[in-house]
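In case you want the letters, here they are:
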Amino acid sequence: MPTPTLMHNYGERTLTLVRGEGNYVWDDRGRRYLDAISGIAVCGLGHCHPKVTEALHEQAATLLHVSNLYNIPPQQQLADRLAYLSGMDNVFFSNSGAEANEAAIKLARKLGNERGLATPQIVVMEGAFHGRTLATLTATGNEKVQRGFAPLPEGFLRVPFNDVEAIERLAEQHSDIVAILVEPIQGEGGVRIPARDYLIKLRALCDQRNWLLMLDEIQTGNGRSGKMFAYQHMGIVPDVLTTAKGLGNGVPIGACLARGKAAQLFTAGSHGSTFGGNPLACRAGLAVLDTLQGEWLIERAEKMGAQLLQSLQIRLGNCPAVVDIRGLGLMIGIELRRPCGELVEQAREQGLLINVTANNVLRLLPPLTLTDSECQQLAADIGTLIQQFTLQAV
Ligand SMILES: *Cc1c(COP(=O)(O)O)cnc(C)c1O
């Protein structure tokens with residue numbers, strides 16, 4: 001039932017999902033699927049979590065939108081909560097991840113402009129994904145995302161991911177660098193996890209050079225990694241932090257947080273959004289944070305993630321088709337020796353929703369509410385799927 005009135009920017013869609021509850025979704029023929037992708041790391045509390053539904057009902061019947069011409073109590077409450085949970089000073093709310101990153105990029109440029117730099121540069125990584133707006137697709141390290149959209153904005157310098165020396169060399173050639181923008185774990189890039197001290201070294205480099213460390217936690221944030229934010233595993237704090245996906249459990253919301261000098265860069269009129277931080281989205285965000293904490297879901301993500309990873313390693317560690325099994329919390333990637341896009345369809349036939357990214361990485365992003373038995377089932381199903389894949393002729 002493809003609709004000719006939709007633009008052709010998405011691939012062919014062969015599944016129609018019409019209902020969700022907890023960790024499951026149902027298609028238009030009544031078939032049930034375990035959702036191990038959570039709307040791409042969005043529905044961390046599972047589908048239609050009663051706390052979120054209740055908050056939305058209540059807010060929809062009270063006040064949906066007033067614009068940022070006025071005080072919005074849920075926006076202020078959510079900002080307080082996020083600042084407290086992240087160690088940041090203040091927050092700008094957007095409607096999406098890309099827009100949160102746009103705000104971060106504007107902060108870095110504002111700093112550069114204040115320093116009198118004509119073309120302030122932001123260091124970005126190969127394999128990065130930061131969104132689809134013009135600035136964020138330029139920051140993205142994937143030619144497919146950029147192709148056909150010239151001219152791209154300037155002001156970005158690219159280095160390999162997980163390579164601190166490459167940035168140090170860059171700093172010798174460029175005196176106009178103002179920030180590093182990086183994902184603590186590359187999500188779309190294939191669940192790539194850098195060395196444990198990578199972020200610590202980037203933090204030290206930024207301190208030494210007076211650059212902003214800007215972390216894109218749009219995918220890793222909101223408990224997915226087993227901490228509220230992934231940098232909390234490393235004991236550092238960024239200067240700028242962006243998040244989105246899991247913050248609204250399906251209600252569009254993004255946030256750009258800043259600390260120290262970065263928190264003082266925007267002044268009245270510097271930036272804005274009509275919808276950003278509206279009462280409905282912020283009530284959803286508050287309900288998500290309440291539930292993450294009230295139901296100990298971040299701890300659960302850490303525990304279930306470790307179990308799932310271990311179980312997959314036991315089942316697939318010796319499998320010839322598997323290059324690597326890696327993850328942090330409930331963000332897990334299984335890198336295969338060859339492209340494995342067909343696994344998505346095969347999993348679906350078994351009632352399981354998964355995703356493949358970077359061509360050959362099977363990615364799991366299940367809800368943080370995953371139960372022990374669902375975790376075991378998921379590991380068993382993925383094990384079988386990949387064993388069958390190994391036997392298939394190329
Ligand atoms: C999804 C994602 C984005 C873009 O978010 P949108 O809401 O699609 O604009 C940016 N950065 C990372 C790391 C992401 O995973």
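All of these numbers come straight from a predicted model, not from anything done at the bench.

1. Here we look at unusual backbone geometry
No. 1: Each neighbour pair has its own omega, and for Ala-150 with Pro-151 the value is 0°, a cis peptide bond.
No. 2: By secondary structure assignment, the location of Pro-151 is in the loop between α6 (143–146) and β6 (156–159).
No. 3: Phi is positive for Asn-162, close to 65°, though the residue is something other than glycine.
No. 4: Relative to the assigned elements, Asn-162 resides in the loop between β6 and α7 (164–173).
No. 5: Classification of Asn-162 as partly exposed rests on a relative accessible area of 36%.
No. 6: Even without being glycine, Val-191 reaches a positive phi, approximately 50°.
No. 7: Along the polypeptide, Val-191 turns up in the loop between β7 (177–182) and α8 (198–209).
No. 8: With a relative accessible area of 1%, Val-191 lands in the buried category.

2. Thoughts on the sheet that holds β6
No. 1: Read from one edge to the other, the open sheet built from seven strands follows the order β4-β10-β9-β8-β7-β5-β6, with strand pairing classed as mixed. The open sheet has two edge strands with one neighbour each: β4 (90–94) and β6. Averaged over all adjacent pairs, the angle separating strand axes in this sheet is 20°, with direction ignored.
No. 2: With five bridges connecting them, β4 and strand β10 (residues 254–258) associate as antiparallel partners. Looking across to β10, one finds that Phe-92 is bridged to Cys-256.
No. 3: Sheet strands touched by helix α3 (residues 73–86): β4, β9 (240–243) and β10. Its angle to β4, the strand with the most contacts, is close to 125°.

3. Observations concerning the site of the ligand
No. 1: Neighbouring residues of the ligand: Ser-96, Gly-97, Ala-98, Asn-101, Phe-129, His-130, Gly-131, Glu-183, Asp-216, Ile-218, Gln-219 and Lys-245.
No. 2: The contact in question runs from a nitrogen atom of the ligand to an N or O atom on the backbone of Phe-129, over 3.2 Å.
No. 3: The side chain of Lys-245 places a nitrogen or oxygen atom 2.6 Å from an oxygen atom of the ligand.
No. 4: Taken by itself the ligand offers 380 Å² of open surface, and the protein chains cover 81% of this.
No. 5: Per-element accounting of the shell around the ligand gives the leading share, three residues, to helix α4 (residues 97–114).
No. 6: In terms of residue class, the shell around the ligand is made up of three nonpolar, six polar and three charged.

4. Description of the domain arrangement of the protein
No. 1: If you check the domain split of the protein, you get domain 1 (17–43 + 296–392) and domain 2 (51–294).
No. 2: The gap between the C-alpha centroids of domain 1 and domain 2 is 27 Å.
No. 3: Contact with domain 1, which involves 27 residues of that partner, is made by 27 residues of domain 2.
No. 4: Summed over both partners, the interface of domain 1 with domain 2 comes to about 2,200 Å²; 60% of that surface belongs to carbon and sulfur atoms.
No. 5: Taken as a group, Ile-298, Leu-328 and Met-331 account for 31% of the area that domain 1 buries against domain 2, more than any other trio of residues on that side.
No. 6: Put simply, domain 1 and domain 2 have one salt bridge between them.
No. 7: Measuring nitrogen to oxygen at the nearest pair gives 2.8 Å for the salt bridge that ties Arg-363 to Glu-188.
No. 8: Here domain 1 and domain 2 share twelve residue pairs in polar contact (both at pLDDT 80 or more) between them.
No. 9: The element contributing the most residues to the side of domain 1 that touches domain 2 is helix α10 (residues 297–316), with four residues.

5. Description of the sheet that holds strand β2 (residues 24–27)
No. 1: An order of β1-β2-β3-β13 is seen for the four strands of this open sheet, with the pairing classed as mixed. Every interior strand has two partners, whereas the edge strands, β1 (17–21) and β13 (352–353), have only one.
No. 2: Two strands pair when backbone bridges link them, and β2 and strand β3 (residues 32–35) are joined in this way by three bridges, in the antiparallel orientation. Across the sheet, the residue bridging to Val-25 is Tyr-33, located in β3.

Parameters at a glance
- Residues numbered from 1 in each chain as written.
- Predicted model: local features only at pLDDT ≥ 70, side-chain atom pairs only at ≥ 80, totals over all residues.
- Heavy atoms only, no water.
- Helix = DSSP H or I, 4+ residues; strand = E, 2+ residues; numbered from the N terminus.
- Buried < 20%, exposed > 50% of the residue type's maximum accessible area, 1.4 Å probe, protein only.
- Pairing = 2+ DSSP bridges.
- Axes fitted to C-alpha atoms, helices over the stretch in contact; angles between N-to-C directions.
- Contact = heavy atoms within 4.5 Å.
- Near = heavy atom within 4 Å.
- Polar contact = N/O pair within 3.5 Å; in protein donor to acceptor, adjacent residues only side chain to side chain.
- Areas by Shrake-Rupley, 256 points an atom, 1.4 Å probe, with all protein chains shown as cover.
- Nonpolar A, V, L, I, M, F, W, Y, C, P; charged D, E, K, R; others polar.
- Domains from an automatic or database assignment.
- Buried area = accessible area lost by both parts, 1.4 Å probe.
- Salt bridge = Lys/Arg side-chain N within 4 Å of Asp/Glu carboxyl O.

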